[in-house]
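A look at the structure
What follows is the residue order along each chain.
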Number of protein chains: 2
Amino acid sequence: MGSHVRMCAMTFIERCQLAWQQQDSLLCVGLDPELSRLPTAVKAAGTTLDQVRAFCIGVVEATAAHACAFKPQIAHFAALGAESVLADVCHHIKQHHPQHVLILDSKRGDIGSTAQHYASEAFDRYGADAVTLNPYMGTDSLQPFLDRTDKGIFVLCRTSNPGGDEFQMQTLASGERLFEKVATTAQQKWNARGQGGLVVGATYPTEIATVRALAPDLPLLVPGIGAQGGDLVATVKAGMTLGQNPAGLFINSSRAILYASGGDDWQQAARAEAHRTQLAISQAAQAAG
Amino acid sequence: MGSHVRMCAMTFIERCQLAWQQQDSLLCVGLDPELSRLPTAVKAAGTTLDQVRAFCIGVVEATAAHACAFKPQIAHFAALGAESVLADVCHHIKQHHPQHVLILDSKRGDIGSTAQHYASEAFDRYGADAVTLNPYMGTDSLQPFLDRTDKGIFVLCRTSNPGGDEFQMQTLASGERLFEKVATTAQQKWNARGQGGLVVGATYPTEIATVRALAPDLPLLVPGIGAQGGDLVATVKAGMTLGQNPAGLFINSSRAILYASGGDDWQQAARAEAHRTQLAISQAAQAAG
């Protein structure tokens with residue numbers, strides 16, 4: 001109980017720092033269940049929802065020792081009508097792995113009165129520690145999430161999909177590019193209580209370095225390692241904050257871990273891939289430091 | 001059955017035009033159920049989910065004659081764990097009011113492989129005709145929605161919340177403001193098959209006119225009439241496209257209609273407010289034309 005009380009009193013960034021240190025890992029395991037890719041053994045049992053639940057919890061149990069965070073992607077559950085499974089998986093993580101940071105990847109963004117409902121979805125219904133958000137509607141659309149002072153937000157900044165350039169790389173009259181203005185705004189306006197974070201794709205290490213310079217204090221959530229093939233050493237060097245231990249990054253891998261094997265060894269294969277990624281990140285951090 | 005086949009063969013913009021003409025209305029009724037504001041009579045019966053279902057379907061039945069579209073806002077359902085109710089309400093609208101355009105207001109935006117799941121959520125699970133989307137991640141994040149060639153997208157362009165200025169009004173090196181670039185991109189890249197639309201708040205009629213000039217063919221979804229108090233005549237004049245009938249706009253009102261009365265007359269009050277708004281829009285269109 002004592003540790004629970006202490007958890008509640010921590011800021012979100014302190015929560016992140018504790019997870020990085022206790023787990024000795026910067027790896028975030030993304031939970032993106034795809035029915036067509038479930039292991040054969042999982043597909044054999046129960047309803048579709050049972051299969052998705054067993055798969056996600058199986059991956060959590062296989063990889064928790066090597067990860068500091070889990071990031072369920074809500075669309076993968078919503079398309080299946082599996083919100084109840086997402087809730088089960090989130091509650092499992094909170095109960096059995098309370099030191100891990102639980103990031104709901106939903107990329108929400110709406111006006112304040114509606115954003116309150118999305119905040120309730122993320123933090124009350126699913127119990128997430130943090131949520132991914134879209135900056136297009138501005139600060140007041142993020143405020144209901146920031147009003148939950150023990151929670152974190154990861155705001156889309158620079159994404160590595162092909163269309164990511166289209167608006168994010170536009171140069172503004174001020175000389176900044178749009179993603180740089182988002183990073184600066186995050187540092188200045190969204191992190192007063194250690195709640196701010198940014199999403200920056202691993203495909204562009206130079207731009208991760210730019211974001212890190214503009215937002216020196218913020219944790220960065222970096223998708224694109226693993227299946228998407230970003231350069232790990234360059235990513236870690238560009239994005240980590242140096243202290244006693246490497247910190248500042250949640251390096252996400254989803255498909256490379258989830259679908260490491262479709263056979264009976266799917267959990268062992270997921271664990272091995274998570275361990276391999278954890279070590280590769282640590283080596284990259286040592287090389288960068 | 002013949003009309004169903006014909007519906008499927010229409011483009012989304014033809015579907016909109018038919019709704020505007022058949023209903024003689026540009027009014028979109030937003031379905032944003034708030035537990036704390038449900039009419040007393042509704043609150044008296046059944047479970048919370050039963051109450052939300054009865055309220056939404058009651059509003060649909062009360063207002064359908066005066067509206068051309070319905071726009072359920074998904075966060076209001078998600079925060080309650082009421083996705084099954086949202087599905088029931090959507091299926092009710094599709095079954096009983098097939099001429100109305102059903103717009104799922106979820107403001108999604110993610111990379112392509114995930115966006116496919118959000119498209120499935122909107123179009124398969126809920127049967128929506130169109131969905132609201134966020135442009136920040138660029139064209140490829142919208143593509144899975146456009147691949148559903150009979151469906152429409154309404155992309156956030158200029159929003160009327162206080163923070164809407166923060167990024168949307170940034171002037172780019174090209175001289176355009178960001179929301180203008182979104183409008184131009186929508187016209188040029190997202191409307192090849194009559195599927196594109198934009199969300200533009202009613203608070204800024206001048207900017208609606210700007211968007212209309214840049215995107216002459218696209219339907220505009222305009223929140224901010226009613227409770228939010230935008231200027232109706234200026235909005236309609238700025239945004240409508242002229243033909244035989246006023247067209248080009250879905251003017252949304254949510255709270256002013258939904259919560260017109262909390263008493264036993266809630267359906268009559270919702271109907272009266274919808275009718276009043278329909279007429280006010282028509283008069284504004286006549287004044288503008």
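Now for a description of the structure that goes with this document.

What counts, and where the lines are drawn
Per chain, residue numbering runs from 1 following the sequence as it is written. Working convention: letters from A go to chains and numbers from 1 go to ligands, in the order in which they are written. Local features in a predicted model are, by the rule used here, given only for residues with pLDDT of at least 70; side-chain atom pairs are given and counted only at 80 or more, and totals for whole chains, interfaces and linings are based on all residues. With hydrogens and water set aside, each side-chain value is computed from the structure's full complement of heavy atoms. We call two residues contacting when some pair of their heavy atoms lies within 4.5 Å. Summed over both partners, the accessible area lost on bringing two parts together, with a 1.4 Å probe, is the buried area. Each reported salt bridge corresponds to a side-chain nitrogen of Lys or Arg within 4 Å of a carboxyl oxygen of Asp or Glu. Polar contacts, as used here, are pairs of N or O atoms within 3.5 Å; protein pairs need one atom able to donate a hydrogen and one able to accept it. Residues neighboring in sequence count only if both atoms are side-chain atoms. Helical segments are the DSSP runs of H or I of at least four residues, strand segments are the runs of E of at least two, and each set is numbered from the N terminus. As a working rule, the residues Ala, Val, Leu, Ile, Met, Phe, Trp, Tyr, Cys and Pro are called nonpolar, Asp, Glu, Lys and Arg charged, and the rest polar, with Gly in that last group. Lining residues are those with an atom within 4 Å of a point, where the points come from a 1 Å grid over the protein atoms alone and group into cavities, where a 1.4 Å probe fits but cannot get out, or pockets, open sets with protein on both sides within 12 Å along at least five of seven lines. Grid points are joined across faces, edges and corners, and a volume is the space filled by probe spheres set on the points.

Notes on the interface of chain B and chain A
On the chain A side, the residues contacting the 51 residues of chain B number 51 residues. When chain B packs against chain A, the two sides together hide about 4,400 Å² of surface, and 55% of this comes from carbon and sulfur. Our count for the contact surface shared by chain B and chain A stands at 6 salt bridges. Here Glu-166 of chain A makes a salt bridge to Lys-189 of chain B, at a shortest N to O gap of 2.7 Å. Put simply, chain B and chain A have 31 residue pairs in polar contact (both at pLDDT 80 or more) between them. Sorting the residues of the side of chain B that touches chain A by element identifies α5 (74-78), β3 (101-108), α7 (112-125), α8 (139-146), β5 (152-158), α9 (164-168) and α10 (178-189) of chain B as the ones contributing at least two each. Tallying contributions element by element places α7 of chain B first for the side of chain B that touches chain A, with 7 residues. Residues that form the side of chain B that touches chain A fall into these classes: 19 nonpolar, 20 polar and 12 charged.

Comments concerning empty space enclosed by the protein
Any empty space left between the atoms is revealed when a probe the size of a water molecule rolls over them. Applying the stated criterion to the full structure yields 2 cavities of 30 Å³ or more. Size it by volume and the second largest cavity reaches roughly 60 Å³. As for the second largest cavity, its lining consists of Ile-74, Ala-78, Glu-83, Arg-108, Tyr-118 and Glu-121 of chain A together with Ile-74, Ala-78, Glu-83, Arg-108, Glu-121 and Tyr-126 of chain B. Broken down by secondary-structure element, the contributors of at least two residues to the lining of the second largest cavity are α5 (74-78) and α7 (112-125) of chain A together with α5 of chain B. When grouped by side-chain class, the residues that make up the lining of the second largest cavity number 6 nonpolar, no polar and 6 charged.

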